[in-house]
Structures are given as C-alpha cells and as structure tokens.
Amino acid sequence: MKRTPLFDAYKEYPGVKLIDFGGWELPVNFETGIIAEHHAVRTAAGLFDVSHMGECLVTGDSAKAYLDWLCTNDIASMVPGQVMYTFMCYPSGTVVDDLIVYCISETTYLVVLNASNTTKDLDWMIQGNPKASDGCSLPVIRDLSAETVQIALQGPRAEKILTKLLPSAPQIAFFRFDPHCVVAGVPCLVSRTGYTGEDGFELYCSTKAGIALWNALLEAGKDDGLIPCGLGARDTLRMEAKLPLYGHEISDRITPLEANLAVFVKLDKGGFCGRESLAVQQEQGIPRSLRGIEMVDGGVPRQGYPVFLGEREIGFVTSGAKSPTLEKFCGYVLIDRTTGLKFGDIVEIEIHGKKKRAKLVKTPFYKRGVRNDRLPA
C-alpha cells in the first residue's frame, strides 16, 4: 500500500488503527476513537493528514479558458487568491470528480483531486476529454501529488491555534488562500475551506517538511484540545454537514443536479463539458433527488441499501451512519422524484433483508452556529 509522507509521524501513535483506503495505508482513528475525534472537531480542533489527495498545476495562457470549459462552476470569474468548489463532468452530465480550484494568477491554477480519482482525472484533463483532441492549444498540466503534503486543521479553535504560528491567519477569508505563508519555518500555501462543517484551514507544503509541520501544529494546539483525527471522523463530520463524497452522493452515474448541487453548476456561463445534458435534465425534470433520512426503526442505513415506498423500489442509500452530534442514525438517499414525497413522509430501507422505516428530513443535519438538539425541522 501507498503511504503519505506523514506516515512515520503517526504510525507509532498509541491506539492508532490503520486501514487500506483505496490503496493507501491511512489512520481510520487514533487512540481516543472516532466519536471522541468527531466531538473534538465540533468543540475544539482536529488535525487530519489528507496528503493522499491529488494536486496538479495548470499553467499557460489557455489555462483559465480550458479549466472553465472542463468545470461546471464559473472558473473564468476567479481572481488570484480565490478558491472555488466545482465539478468536472462527462458529456453525459455525470461526474468525473469534484474539485477544489485555486486561482494563483490569470495563467496559473492549482487543482486538488480526490485520491482515488487522481490518475483518472489527470488522464481526462490531459487527453480524455473532447476538447483535448480537437486541436486547440492546451495548458501545461503538471502532477504535483507525489511532492505535496496536505494537512487539514479543522474546528472552532483552528484559527486561534494557527495564529500562534501564522499571525496573518485571521486575514485569510473563507474560500480564500495565501500562497506565501511560513508556518513554523515551513513555506506553505494556506487556505480556508474545510470538509467538516467547521471553520478550518488547509496547509500545503513540500513532502520533506511535512512531518515538521504536523508536529508543530500539534504542539501549538495541545493546550486548546487539538488532537490527530482519522478517516472515520472525517466521514461522520462531512456527512452531518451534507458535504458530498465522490462515489456516494456524486459519481459517474449521478449528476450534480440529482445531488441537489445545482449552485455549483453555472448553466448560464456558456459552454462546458456536460452542459447540454445538464440543461436537458434541468428543462425536462431532474429524475432523482438526494434527500436526508432519520431512522425510525433500529438499523444503520449503509451505502447501496435499497429504499422502498410500499412494494416499489424508489432508490438507494448514498451514505449513512450514526450522527455523533445528534446521536441518531441518519443518512442520505437518492430517490425517484415522481413519488411526490415530502419532509416527514416515511420510506423503508432494506437492511439485512428486513425493511426498516425511515423519515425524510431537512438537511444538513449539522450547521455551524446552530444548536442541534434535534434534526432541523
């Protein structure tokens, strides 16, 4: 299995549990466990090694126009220092991957790719998409994955902790970045986005400096409750906040419109790959819709479990788990829109051969700054 440059920094942690995650040996949790790590991020701060993610640099005079055509969001409107979430779609409108794009300059962009999709994404960007073969001038696309460490510092105390090492941290606005930071003596690109529903920062540095940066951040945050966190908490945190995961809420069989992510699809910006199919879907009626569910009967709604309305199978679970914040079994289902179901209605999920009742509810299950004694009404 592949290992990130930070592996030696945490492989001997007491109680660390390492798993195979898409060919990467990564921590699912550390000594305190998934629930404690989850609560630490909600109340204090957590530190995540996300160096398995892919990164590439897109440069050249055609970089902006090319990325704007590849992506559903309005890349052409970006200004230096801005970060944007977007999708890269097939002509069918289904998703190649969801991306984070950093505008460094008018001719230089950093693109962050999902780990399991990095090879596929780069192939699509360089040669697999329709525009790559039509003779147009393409930008230079350079894979930076093997030389980049990415660390995520997440939680309500993230700014306080990072400010100890980077006094300018409070000046980095949400979905903005500074490419010229020095944190504990390590040159970094620092952004403020997050995948947990909390405030937080991402720090990118060279592989050689990764362990020093990881250790410095943990030391800076030790009096503020900062702990290392694994993939388990990362998944429960993103699920509560309704942040999609590729292969679950979006995939090469699910469009962004079906996943209720139309805000990141700018049909009016002009041509882009997949636009025609997505426009037709929008005009003719989106066939499926992603909805939140809370289990009424006992059972864990796992990905792929079928969803029924009476005897009719109407969809499937995309993600599900027990919400540590709400202490309820929750999840998301992709279901047929023609059912006319509304919030509060009951569906059934087949779990281990038995149908279990679940109620359709509004989401996200957790929103920063909102008290969540129960699911949002």
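Residues numbered from 1 in each chain as written. Predicted model: local features only at pLDDT ≥ 70, side-chain atom pairs only at ≥ 80, totals over all residues. Heavy atoms only, no water.

Observations regarding the environment of Gly299
Here Gly299 lies in the loop between strand E14 (288-295) and strand E15 (306-309). The sequence separation of Gly299 and Gln154 amounts to 145 residues, and the corresponding C-alpha distance is 30 Å. Filtering out sequence-adjacent residues up to four positions away, Gly299 remains in contact with Phe329 and Ile351. (Helix = DSSP H or I, 4+ residues; strand = E, 2+ residues; numbered from the N terminus. Contact = heavy atoms within 4.5 Å.)

Some words on the pairing of strand E10 (residues 177-183)
Sheet topology places E10 next to strand E11 (residues 186-191); five bridges connect them, and they run antiparallel. Bridge pairing in E11 links Asp178 to Val190. (Pairing = 2+ DSSP bridges.)

Examining the nonpolar core
Membership of the largest hydrophobic core comes to 36 residues, with the highest contact counts inside it found for Leu153, Leu162, Val190, Leu203 and Leu213. At five residues, the largest contribution of residues to this core is made by helix H6 (residues 210-221). What Leu153 contacts, discounting residues up to four positions off in sequence, is Ala45, Gly46, Leu47, Ala158, Ile161, Leu162, Asp199, Gly200, Phe201, Leu203, Leu217 and Leu226. Membership of the second largest hydrophobic core comes to 33 residues, among which are Val41, Val50, Leu144 and Leu278. (Core = buried A, V, L, I, M, F, W, Y, C linked by side-chain atoms within 4.5 Å. Buried < 20%, exposed > 50% of the residue type's maximum accessible area, 1.4 Å probe, protein only.)

Looking at the pattern of salt bridges
Per the counting criterion, the structure on display carries 20 salt bridges. Between Asp68 and Lys269 there is a salt bridge; the shortest N-O distance is 3.1 Å. Taken together, the residues Asp68 in helix H3 (residues 63-70) and Lys269 in the loop between helix H7 (231-240) and helix H8 (275-284) connect sequence positions 201 residues apart. In this structure, the salt-bridge partner of Arg192 is Glu159, at a minimum N-O distance of 2.7 Å. Here Glu159 lies in helix H5 (residues 158-165) and Arg192 lies in the loop between E11 and strand E12 (200-206), a separation of 33 residues in the sequence. (Salt bridge = Lys/Arg side-chain N within 4 Å of Asp/Glu carboxyl O.)

Considering the packing of aromatic side chains
Under the definition given, this model contains twelve aromatic pairs. Considering the side-chain rings of Tyr332 and Phe365, the 5.2 Å spacing of their centres and the 45° angle between planes classify their relative orientation as tilted. Residue Tyr332 is located in strand E17 (residues 328-336), and its partner Phe365 is located in the segment after strand E19 (354-361); the two are separated by 33 residues in the primary sequence. Across this residue pair, the class does not change: Tyr332 and Phe365 are buried. A network of ring pairs unites the aromatic residues Phe7, Tyr10, Tyr13, Phe30 and Trp214 as a single cluster. For Lys131, the ring lying beneath its charged end belongs to Trp69, and the centroid distance is 5.1 Å. (Phe/Tyr/Trp six-rings, centres within 6.5 Å; stacked < 30°, edge-to-face > 60°. Lys NZ or Arg CZ within 6 Å of the ring centre and 35° of its normal.)

Observations concerning unusual backbone geometry
Along the chain, Thr363 connects to Pro364 via a cis peptide bond; the corresponding omega equals 10°. Relative to the helices and strands, Pro364 resides in the segment after E19. In this structure, Lys242 takes a positive phi of about 60° despite not being glycine. With respect to the helices and strands, the residue Lys242 is situated in the loop between H7 and H8.

Looking at H6
Across its twelve residues, H6 extends 17 Å between first and last C-alpha, which sits within 8% of the 16 Å expected from 1.5 Å per residue. Along H6, the positions that sit buried rather than exposed are Gly210, Leu213, Trp214, Ala216, Leu217, Leu218, Ala220 and Gly221. (Expected span 1.5 Å × (residues − 1).)

Digging into the sheet that holds E12
Spatial ordering of the open sheet is given by E10-E11-E12-E9-E3-E13, a layout of six strands whose pairing is mixed. Both outer strands of the open sheet, E10 and strand E13 (226-229), are each paired with one neighbouring strand and no more. Direction aside, neighbouring strands of the sheet carry axes that sit 30° apart on average. (Axes fitted to C-alpha atoms, helices over the stretch in contact; angles between N-to-C directions.)

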